[in-house]
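The lines below spell out each chain.
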Amino acid sequence: MILVTGGAGYIGSHTVRELRERGADVVVYDNLVTGHIEAVGDAPFVKGDIFDKKLLVETFAKYKVDAVVHFAAFSLVGESMTDPAKYYRNNVAGTLSLLDAMLEAGVKYLVFSSSAATYGDTGDGLITEESPQRPTSVYGQTKLMMEQFMSDYDKAYGMKYVALRYFNAAGAHRSGEIGEAHKPESHLIPIILQAALGQRSHIGIFGDDYPTRDGTCIRDYIHITDLADAHIRALDYLENGGKSTYYNLGNGNGFSVKEVIETARKVTGIDIPAKVEGRRPGDPATLVASSDKIKRELGWKPRYDTLEEIVASAWKWHSTHPHGFEK
């Protein structure tokens, strides 16, 4: 049995869906602060906080959990800079609580939702797993600290983990039944599509003076289903005796903010208005991944590897669920 913390959230719910479609036994653990119960489907669900060690241990025992996929964390880069206490308390202390509960219950395998934000601004080249980790945001710093916890717990207690450092998760499930629904929304593609739906007057471009080809930030976008597939491969790897490790997850192609807007205009057929605004603190100019390691070692390969496919799947969800999971 696999316990998915934050399994009612965006990435968590898609991973739960993919696990169940492949016949895995899954229980979702989420406090529903940012997640949506509607996204869980018919998977067993426990409403709980990762600070509730007693409930975690009871859940591990009740469902005979042998592995955890850990998504539960706050993830807004801008907010992490203005309210660092919230991020250190929830992401760092919360993960420590989870690890201690796993230790007490004898759960030895953990797949962790890490982030490209642990690298910070590395320049123009492809980021590999050996690139220096120098976060430029508190959010990135919390993810790096969580990775360090896991490394130390492995050395001391034999708890095996895979940290997946992914770049910009995007898109929606192929059915169009679940997708991205954050309040407030902070991710570029859904914000652009909200503007396409008339829910925003325009899409803001945060800075056009970066040292990039068109002056706007460049990011590597990876489809949510490809992310889910990587988590499942990481679980299989650990359960087959794999050693603790970490992998980048991305397409290896970077797209600028202006290029994403143009793609969305093409997919939707709508002339989406855009306006240049000031830079945001903590935003590196370029983040593009080399995913050679996970391709080589786990046989992972993105199935949705064009920006147009990613945006089209997101549009399928947003155009049919303009208010997310709200009726």
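Residues numbered from 1 in each chain as written. Predicted model: local features only at pLDDT ≥ 70, side-chain atom pairs only at ≥ 80, totals over all residues. Heavy atoms only, no water.

Caption draft 1: Spatial organisation of helix 6 (residues 188–196). The buried fraction of helix 6 is high, at 9 of 9 residues. Elements that come into contact with the buried residues of helix 6 comprise strand 7 (168–170), strand 8 (203–206), strand 10 (221–223), helix 8 (257–268) and helix 10 (307–320). Looking one or two residues past helix 6, glycine 198 carries a phi angle of roughly 80°, positive in sign. (Buried < 20%, exposed > 50% of the residue type's maximum accessible area, 1.4 Å probe, protein only. Helix = DSSP H or I, 4+ residues; strand = E, 2+ residues; numbered from the N terminus. Contact = heavy atoms within 4.5 Å.)

Caption draft 2: Structural detail: the pattern of salt bridges. All chains considered together, the criterion is met by 19 salt bridges. The closest approach of N and O atoms between glutamate 177 and arginine 17, which form a salt bridge, is 3.1 Å. Highlighted residues: glutamate 177 in the loop between strand 7 and helix 6 and arginine 17 in helix 1 (residues 10–21), separated in sequence by 160 residues. A relative accessible area of 49% places glutamate 177 in the partly exposed class. Taking the shortest distance from any N to any O, the salt bridge between aspartate 209 and arginine 279 comes out at 3.0 Å. One end of the pair, aspartate 209, is in the loop between strand 8 and strand 9 (218–219); the other, arginine 279, is in the loop between strand 13 (274–277) and strand 14 (286–287), with 70 residues separating them in the sequence. Residue classification places aspartate 209 among the exposed residues on the basis of a relative accessible area of 52%. (Salt bridge = Lys/Arg side-chain N within 4 Å of Asp/Glu carboxyl O.)

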